[in-house]
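Fold and geometry: a report
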Amino acid sequence: MENSEGGTSSEPDSVTTQPTSSCPNRASEPVRPPSWASCSSSEHREPKRRREESCQDGAKVSCGFVRHIQDPASQRLTWNKPPVNVLVIRKIRDESLAEPFKELCRFLVEEKQMMVYVERRVADDGTLSKDENFGSIRNQLCTFREGYDDISDCIDLIICLGGDGTLLYASSLFQGSVPPVMAFHLGSLGFLTPFKFESYKTEVDKVFEGNAAITLRSRLKVKVVKEMLLPQQREQDQEPEINGLVPHRYTSSDAGKVTLQLQVLNEVVVDRGPSSYLSNVDLYLDGRLITSVQGDGVIVSTPTGSTAYAAAAGASMIHPNVPAIMVTPICPHSLSFRPIVVPAGVELMITLSPDARNTAWVSFDGRKRQEIQHGDCIKITTSCYPVPSICCHDLVYDWFESLAQCLHWNVRKRQTRLTEASDASDTEN
């Protein structure tokens, strides 16, 4: 593995090491337990296991194993030991972020004595390499490559510089447990980025001190299975109709294989792709046919994703702490097909209808787009690995502030007060 200066790292055989990311003066280090935990303010307890088991009070709601209803406002970020490794994610192809990025890295390395991880393409950016004053900091950055290097076990904190896409990208890098994420608003919309960069030193210091409010943003666990389903002929009067639809019976094929499995923060979108025909897909809930979607497609989203594509398709906006999955049709050819919300613990399955005239296409948070053929299926359920998003104020204020500032929710000119009754009937009443 090469560092930002092109050197290679060696790894001893006597310890368990992280061979994937490159880091000057720290070429190999033992895998260590996480330094943070999420706990309720009413029960501060020491974690007994790894990160994915010690911070999932809110995740248990989404997985269906909760014994009581927990107050979401009680979710706080506490550090078991001071954080050491910080991942800085910067919006690519935006030269205006070069100076904030350098300023933040200099602050973390020189003042906070942190090990800073960045993408190799960010470290190799021409703007950074030409800056001689930043050269000493750049040489100390640990670099990694997406798809090649695994840094999931060595990051204590993620700091995002950019828009909502940087947070989605950070989520995609961690297919298991996710470190706390601190997002600065330096993009266009910024619904998921509550922090202002002008006061970054103060805000970062507060996070390092601990006891910050967090929102556990649930994710979707998605599997794409190819050639798993084979249609069977339906015997007469064997199964009842559902809203005028005859359920299609399937048997599993031994040839079926999982071709993709990942965690999704916003939504899974199934659409008709380049075809001019209507998309025709069947939607199953816990193995039972619920409906067939005939239109441009369907969106399966998390509460976090309810303010993204789903909101544009007419869905309600749900607070990210609500354990739920949203199903929203895209331009359905039906006047009565409204978006629905289902419990977080169910498993949804989407397949092409046997009567479909064309294939469908699926994407995950806008990435990894691929075609779905007859016999393929997409299985979706709530993941047990949420994204701990650090709040600027608290999880209620931040969300409504984003609704007002980013989406201009319920913005209307105020009605003026009447100084005197202008209608006789009003006076009489």
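Each value, and the rule that gives it
Residues numbered from 1 in each chain as written. Predicted model: local features only at pLDDT ≥ 70, side-chain atom pairs only at ≥ 80, totals over all residues. Heavy atoms only, no water. UniProt positions renumbered as here; feature names shortened; annotations may be inferred. Salt bridge = Lys/Arg side-chain N within 4 Å of Asp/Glu carboxyl O. Helix = DSSP H or I, 4+ residues; strand = E, 2+ residues; numbered from the N terminus. Buried < 20%, exposed > 50% of the residue type's maximum accessible area, 1.4 Å probe, protein only. Arc of directions from axis to C-beta. Contact = heavy atoms within 4.5 Å. Phe/Tyr/Trp six-rings, centres within 6.5 Å; stacked < 30°, edge-to-face > 60°. Axes fitted to C-alpha atoms, helices over the stretch in contact; angles between N-to-C directions. Parallel < 35°, antiparallel > 145°, perpendicular 65-115°, else oblique. Left-handed = near helix turned anticlockwise from the far one by under 90°. Pairing = 2+ DSSP bridges.

The name an unreviewed UniProt entry assigns to the chain is NAD(+) kinase, from the organism Hippocampus comes. As stated in UniProt under Sequence similarities (unreviewed entry), the record for the chain gives "Belongs to the NAD kinase family."

This part covers the pattern of salt bridges. Applying the stated rule across the entire model yields 10 salt bridges. Where Asp131 meets Lys102, a salt bridge forms, and the shortest distance between an N and an O atom there is 2.7 Å. Separated by 29 residues along the polypeptide, Asp131 in the loop between α5 (126-129) and α6 (135-138) and Lys102 in helix α3 (residues 98-111) bring together distant segments of the chain. Put simply, Arg138 and Asp124 hold a salt bridge, and the shortest N to O gap is 3.6 Å. Of the two residues, Arg138 sits in helix α6 while Asp124 sits in the loop between α4 (120-123) and α5, which places them 14 residues apart along the sequence.

Before going further, it helps to spend a moment on helix α8 (residues 200-209). Think of an α-helix as turning once every 3.6 residues; residues three or four places apart then point the same way. Turning to α8, its buried residues number three or more, namely Tyr200, Glu203, Val204, Val207 and Phe208. All buried residues of α8 project into a common sector of 140° when viewed along the axis, lining one side. Elements in contact with the buried residues of α8: β2 (75-79), β3 (85-90), α3, β6 (157-162), β7 (181-185) and β23 (387-390). Where α8 terminates, the next one or two residues include Gly210, which has phi positive at roughly 90°.

In the structure shown here, the tally under the stated rule is 6 aromatic pairs. For the ring pair Phe107 and Tyr200, a centre distance of 5.6 Å and an interplane angle of 90° mean the geometry is edge-to-face. Within this pair, whereas Phe107 is found in helix α3, its partner Tyr200 is found in helix α8, the two being separated by 93 residues in sequence. You can call Tyr200 buried: its relative accessible area is 4%. Plain terms: the ring middles of Phe197 and Tyr200 are 4.6 Å apart, the flat faces sit at 10° to each other, and that makes the pair stacked. Exposure remark for Phe197: the relative accessible area of 9% places this residue in the buried category.

This next bit is on the packing of α3 against α8. Following both chains from N to C, one finds α3 and α8 inclined at 45°, their axes separated by 11 Å at the closest point. Taken together, the axes of α3 and α8 are oblique relative to one another. Like other packed secondary-structure pairs, α3 and α8 cross with a definite hand, here right-handed. On α8, the residues touching Glu103, Leu104, Phe107, Leu108 and Glu111 of α3 are Tyr200, Lys201, Val204, Asp205 and Phe208.

Further remarks concern the environment of Leu87. For Leu87, the location among the structural elements is in strand β3. Residue class for Leu87 comes out buried when judged on its relative accessible area of 0%. Counting along the chain gives 70 residues from Leu87 to Leu157, while the straight-line C-alpha distance between them is 6.3 Å. If we skip the residues at most four places from it in the chain, Leu87 touches Tyr117, Val118, Phe144, Ile151, Ile155, Leu157, Ile158, Ile159, Leu173 and Phe174.

With that settled, the discussion passes to the sheet that holds strand β19 (residues 348-352). In a beta sheet, neighbouring strands pair by backbone hydrogen bonds and run either parallel or antiparallel. Pairing is antiparallel across the open sheet formed by 6 strands, whose spatial order is β12-β9-β22-β19-β14-β15. Each of the sheet's edge strands pairs with one partner strand only, and the pair in question is β12 (257-264) and β15 (288-295). Taking each pair of neighbouring strands and ignoring which way they run, the sheet shows an average axis angle of 20°.

A sheet is described by the order of its strands in space; here 6 strands give the open sequence β18-β17-β16-β13-β20-β21, paired in antiparallel fashion. Looking at the sheet topology across the chains shown, the edges are occupied by β18 (340-343) and β21 (367-372). Direction aside, neighbouring strands of the sheet carry axes that sit 20° apart on average. Here strand β20 (residues 360-364) runs beside β21; their pairing, made up of 4 bridges, is antiparallel. In the sheet register, Phe364 faces β21, and the bridge partner there is Arg367.

Our next topic: unusual backbone geometry. The phi angle at Asp286 is positive, at roughly 55°, despite the residue not being glycine. Structurally, Asp286 is set in the loop between β14 (279-285) and β15. For Lys368, which is not glycine, the phi dihedral falls at a positive 50°. Counting through the fold element by element, Lys368 comes out in strand β21.

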